[in-house]
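Residue-level structural notes
What follows is the residue order along each chain.
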Amino acid sequence: MTDPAKHQRMANAIRVLAMDAVEKANSGHPGLPMGAADIATVLFSRFLKFDPTEPYWPDRDRFVLSAGHGSMLLYAVLHLLGVEEMTIDELRNFRQLGSKTPGHPENFATTGVETTTGPLGQGLANAVGMALAERLLAAEFGDDIVDHRTYAIVSDGDLMEGISHEAISIAGHLQLSKLILLFDDNGISIDGPLSLSESGDQVARFEAAGWHASRVDGHNPDEIAAAIEAAQAGSRPTMIACRTTIGFGAPAKAGTSAAHGAPLGEPEVAAARVALEWDSQPFEVPADVRDCWRIAGLKTSQLRKDWEKRLASIDAEKRAEFDRRIRGDLPAGFDAAMLDYRKQLAVDRPKVATRKSSEMALDAINAAVPETIGGSADLTGSNNTRSKGMKAVSADDFSGRYIHWGVRELGMAAAMNGMALHRGIIPYSGTFLVFSDYARPAIRLAALMGNRVIFVMTHDSIGLGEDGPTHQPVEHLAALRAVPNLLVFRPADAVEAAECWQLALERRHSPSLIALTRQALPTVRTEYEEDNLCGRGAYELSPAGDDAEVSLFATGSEVEIALAAKDLIEQAGHAARVVSVPCFELFDEQSDDYRAAVIGEAPVKVAIEAAVRQGWDRFIGNRGLFIGMDRFGASGPYKKLYARFGITAEAAAQVALDRLAALS
């Protein structure tokens, strides 16, 4: 049984630190930390396997605050447990520039924060990915080395977002029994009572998805503890709906939307101190309360040391492999495997769609890199993401390396973020490029966090043909290239596809998106080159015989068109060159001299891409010529569509020749 007085004092420390920090910042969300303080106190002091002296030891439990607006709950707990860098001064600097206590949790800014949350629902899906990663690694390395749980606190907003349906559904399908969600069921949203917009039964909803679900009093520590104990013993993922009062302890604002997203105000803070029987000054924690929290923080130290002994006792080769994966290093033989594969491509010169080229590359990659986990949003046969011998993951068998995500693009992408954050796994999965719109919020967070996640996006233009404009991406490449720290690759052939895959895997702190064709393309890189030319972002594929009068820039399926246009221009008596541009972002990282040399000094510059022009002026200038799309596509055979929209070698050559004539 819980010592009620001790528990209340520990929980009130969270409440008071939260309201003090929000008050000092004059910004923030005091309601959730005050309402969920009892939940957090029970979880962190009695159950969570977390060592504040080694916050990132591999077999720790993961905790996700999906309701990231309540960030002061997490910051207060990290401080109270004794995480060294979470000082009281950091709490005083809540929401200030450069602090370790940003408005919403940021894993790259704060030790002890597992993922970046705030956009509601995504933390829940991250937690699903973490729980899945734990099971995948346990299946390979054994429960003695990998045996931990994933906990998340979620809000009503998390559960209203559509991504929650996707995440809950896949977790229930895979029976991720070590995933435990604690729902801060406070009945309040920003606009007022939750009844204004929601009347569903969350417990019934989770049960229908294959979860165990229950309701408890979120201010009764014994009920919370009993529910967590039951969840730990269960064979299904668990959701515990904890009925709480938002802003608990604030006499006038508790239980109202006024406690949600604004400082309580000095009079209400003072009244809350009286109600909570808290006599200490702002940001002061009584020694007895601090001691209780620090003792709680020490409870996992021996568990960590025991785990370290178990790790040290296993086979040296297996231990080295586990350590390598957790560090994020690629296997020693990866480079050689890719060189051998690329040498063979120079001999074979296949004419295949780049989605097939990607599959061929994955056959080599997945044989050399055992930590890759593939998948698709119900488009396996179209995305070509399942390489030879890949066994599917199921609720009964986590030894596979392929996940059937179903039609859940956003849930898939956000879960992949969780898998990457867990470490030990490099996730990749596919869908159509046009459906990157569904996955965009998670792609953005992958870039913000610097996760090594690879998004395989096939059917990348009007080249997909008959499915028509609903499925033909036009604006998507430009929109994705606008995301900071996201590498967008569009390879022109099998050689470039292999190079792009290698670069994506080698990039530790950036996600990558590989855009691939449905239509077959010839090999344009016909000679073996040891250097990875795609690593430069853009390179001269076909030089001019003399000083170039025309420079043709292209990506993907349009490189073939650019090469044919070059021939036509040269037949008309003018020197032309072709530059392949597989990755804008990597080109931007090159030296000024290299970029100037690649762009060149030809008086006429033409870019060719079956997409919108946005972004291409860095190569061709605002007076450059563009062959591409300025409207949505149409349904029909792809060759007729290219002709219909003027994306042909003849059209590209003609505009170049017309410009040369105008300049003469």
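The structure reproduced in this document is the subject of the present report. Per-chain numbering applies: the sequence of each chain, read as written, is numbered from 1 onward. Residue-level local features of this predicted model are given only where pLDDT is at least 70; pairs of side-chain atoms are given and counted only at 80 or more, and the full residue set underlies all totals for whole chains, interfaces and linings. Side-chain calculation: all heavy atoms of the structure are included, whereas hydrogens and water are not.

Strands here are runs of E lasting at least two residues and helices are runs of H or I lasting at least four, both read from the DSSP assignment and numbered beginning at the N terminus. Each helix and strand in the protein chain was counted, giving 27 helices and 20 strands. Against the globule reference of 26 Å for 664 residues, the protein chain gives a C-alpha radius of gyration of 28 Å, in line with a compact fold. Taken along the three principal axes of its C-alpha coordinates, the protein chain extends 90 × 55 × 45 Å. Only protein chains enter the accessibility calculation, which uses a 1.4 Å probe; a residue whose area is less than 20% of its type maximum is buried, one above 50% is exposed, and one in between is partly exposed. Residues counted as buried form 61% of the 664 residues belonging to the protein chain. Here the globule rule reads 2.2 Å times residues to the power 0.38, and the radius of gyration is calculated from C-alpha atoms.

A pocket here means an open set of points on a 1 Å grid, computed over the protein atoms alone, that has protein on both sides within 12 Å along at least five of seven lines. A cavity is instead a set of points where a 1.4 Å probe fits but cannot get out; residues with an atom within 4 Å of a point line either one. Grid points are joined across faces, edges and corners, and a volume is the space filled by probe spheres set on the points. Taken as a whole, the largest pocket spans an internal volume of roughly 530 Å³. Lining the largest pocket are 27 residues, with Ile-326, Ala-420, Leu-421, His-422 and Arg-423 positioned closest to its centre. If you list the elements that add at least two residues to the lining of the largest pocket, you get helix 14 (316–327) and helix 18 (409–422). Counting residues per element, the lining of the largest pocket draws most heavily on helix 14, which supplies four residues. Along the lines of polarity and charge, the residues of the lining of the largest pocket split into nine nonpolar, seven polar and eleven charged. Gly counts as polar in this scheme, as do all residues outside two lists: the nonpolar Ala, Val, Leu, Ile, Met, Phe, Trp, Tyr, Cys and Pro, and the charged Asp, Glu, Lys and Arg.

Right, let's talk about unusual backbone geometry for a bit. At Gln-175, a position not held by glycine, the phi torsion is positive, near 55°. The topology assignment puts Gln-175 in the loop between helix 8 (162–174) and strand 3 (179–185). Given a relative accessible area of 26%, Gln-175 falls into the partly exposed group.

Whenever a carboxyl oxygen of Asp or Glu lies within 4 Å of a side-chain nitrogen of Lys or Arg, that contact is scored as a salt bridge. Tallied over the entire structure, the rule returns 39 salt bridges. Residue Arg-15 pairs with Asp-38 through a salt bridge whose shortest N-O separation is 2.6 Å. Taken together, the residues span a long stretch of sequence, with Arg-15 in helix 1 (residues 4–25) and Asp-38 in helix 3 (residues 37–47) at a distance of 23 residues. Each of the two residues, Arg-15 as well as Asp-38, counts as buried. Among the salt bridges present, the one from Asp-588 reaches Arg-618, with a minimum N-O distance of 2.6 Å. Taken as a pair, Asp-588 in helix 23 (residues 584–588) and Arg-618 in helix 25 (residues 617–620) lie far apart in primary sequence, 30 residues in all.

On to the sheet that holds strand 7 (residues 238–243). Note on pairing: DSSP must find at least two bridges between two strands before they are called paired. Strands sit in the order 1-2-3-7-6 across an open sheet of five strands; the sheet is parallel. Two strands bound the open sheet, and with one partner strand each, they are strand 1 (62–65) and strand 6 (212–217). The mean inter-strand angle of the sheet, taken between neighbouring strand axes irrespective of direction, is 15°. As judged from the four bridges shared by strand 1 and strand 2 (residues 150–154), these two strands associate in the parallel manner. Of the residues in strand 2, the one forming a bridge with Arg-62 is Thr-150. In the packing of helix 6 (residues 122–141) onto the sheet, contacts are made with strand 1, strand 2 and strand 3, and the angle to strand 2 comes to roughly 170°. Interaxial angles span 0 to 180 degrees and are taken between N-to-C directions of axes, which are lines fitted to C-alpha atoms, for helices over the stretch in contact. Residue contacts are defined here by distance: any two heavy atoms, one from each residue, within 4.5 Å place the two residues in contact.

It is worth spelling out the nonpolar core at this point. Residues Leu-132 and Leu-513 are the most contacted members of the largest nonpolar core, which totals 75 residues. Apart from the residues lying within four places of it in its own chain, the contact partners of Leu-513 are Leu-433, Ile-443, Phe-455, Met-457, Leu-480, Leu-486, Leu-487, Val-488 and Phe-489. Think of a nonpolar core as a cluster: buried Ala, Val, Leu, Ile, Met, Phe, Trp, Tyr and Cys residues, connected wherever their side-chain atoms sit within 4.5 Å. Residues Leu-32, Phe-63, Val-77 and Phe-283 belong to the second largest nonpolar core, which totals 67 residues.

Put simply, helix 18 and helix 19 (residues 436–449) touch, their axes get as near as 6 Å, and they point 20° apart. Considering their axes alone, helix 18 and helix 19 lie roughly parallel with respect to each other. Read as a crossing pair, helix 18 and helix 19 show a hand that is left-handed. Contact with helix 18, carried on its side by Glu-409, Leu-410, Ala-413, Ala-414, Asn-417 and Leu-421, involves Tyr-438, Ala-439, Pro-441, Ala-442, Leu-445, Ala-446 and Met-449 of helix 19 and no other residues of that element. Class assignment for the residues of the contact of helix 18 with helix 19 results in eleven nonpolar, one polar and one charged. In what follows, roughly perpendicular refers to angles from 65 to 115 degrees, roughly parallel to angles under 35, roughly antiparallel to angles over 145, and oblique to any angle outside these ranges. The sense of a crossing depends on the near helix, which, turned anticlockwise from the far helix by less than a right angle, makes the crossing left-handed and, turned clockwise, makes it right-handed.

Let's shift gears to the sheet that holds strand 12 (residues 454–458). Spatially, six strands are ordered 10-9-11-12-14-13 in an open sheet, and the strand pairing comes out parallel. The open sheet is flanked by strand 10 (402–404) and strand 13 (487–489), the only strands paired with a single partner. Averaged over neighbouring strand pairs, the angle between their axes works out to 20° when direction is ignored. Running at roughly 155° to strand 12, helix 21 (residues 494–506) makes contact with strand 9 (372–376), strand 11 (426–432), strand 12, strand 13 and strand 14 (512–515) of the sheet.

Before going further, it helps to spend a moment on the packing of helix 3 against helix 4 (residues 71–81). Angle between the axes and distance between the axes: these two values describe a pair of packed helices. It is the contact of helix 3 with helix 4, at a shortest axis distance of 11 Å, that shows an interaxial angle of 40°. Comparing the axis directions of helix 3 and helix 4 gives the class oblique. Where helix 3 crosses over helix 4, the two elements pack in a sense that is right-handed. Contact residues: helix 3 offers Ala-37, Ala-40 and Phe-44, while helix 4 offers Leu-73, Leu-74, Val-77 and Leu-81. Along the lines of polarity and charge, the residues of the contact of helix 3 with helix 4 split into seven nonpolar, no polar and no charged.

Geometrically, a pair of aromatic rings is defined through the distance of the ring centres and the angle of the planes. Classification of ring pairs rests on two measures: the distance between centres of Phe, Tyr or Trp rings, Trp counted by its six-membered ring, which must be within 6.5 Å, and the angle between planes, read as stacked under 30 degrees, edge-to-face over 60 and tilted in between. The tally for this structure, following the rule as stated, stands at 16 aromatic pairs. Aromatic side chains Phe-44 and Phe-63 sit 5.0 Å apart centroid to centroid with 70° between the ring planes, which places their arrangement in the edge-to-face category. Here Phe-63 lies in strand 1 and Phe-44 lies in helix 3, a separation of 19 residues in the sequence. Their ring planes at 50° and their centres at 5.4 Å tell us that Trp-616 and Phe-619 sit as a pair that is tilted. Take Trp-616: its relative accessible area is 0%, and that puts it in the buried class. Residue classification places Phe-619 among the buried positions, given a relative accessible area of 1%. Here a set of aromatic residues connected by ring pairs shows up, and it is made of Phe-553, Phe-584, Phe-587, Tyr-594, Trp-616 and Phe-619. One cation-aromatic arrangement involves Arg-481 over Phe-584; the distance from NZ or CZ to the ring centre is 3.8 Å. The criterion is that NZ of a Lys, or CZ of an Arg, lies within 6 Å of the ring centre and within 35 degrees of the ring normal, and then a charge sits over that ring. The lysine or arginine in question, Arg-644, covers the ring of Phe-645, its NZ or CZ lying 5.8 Å from the ring centre.

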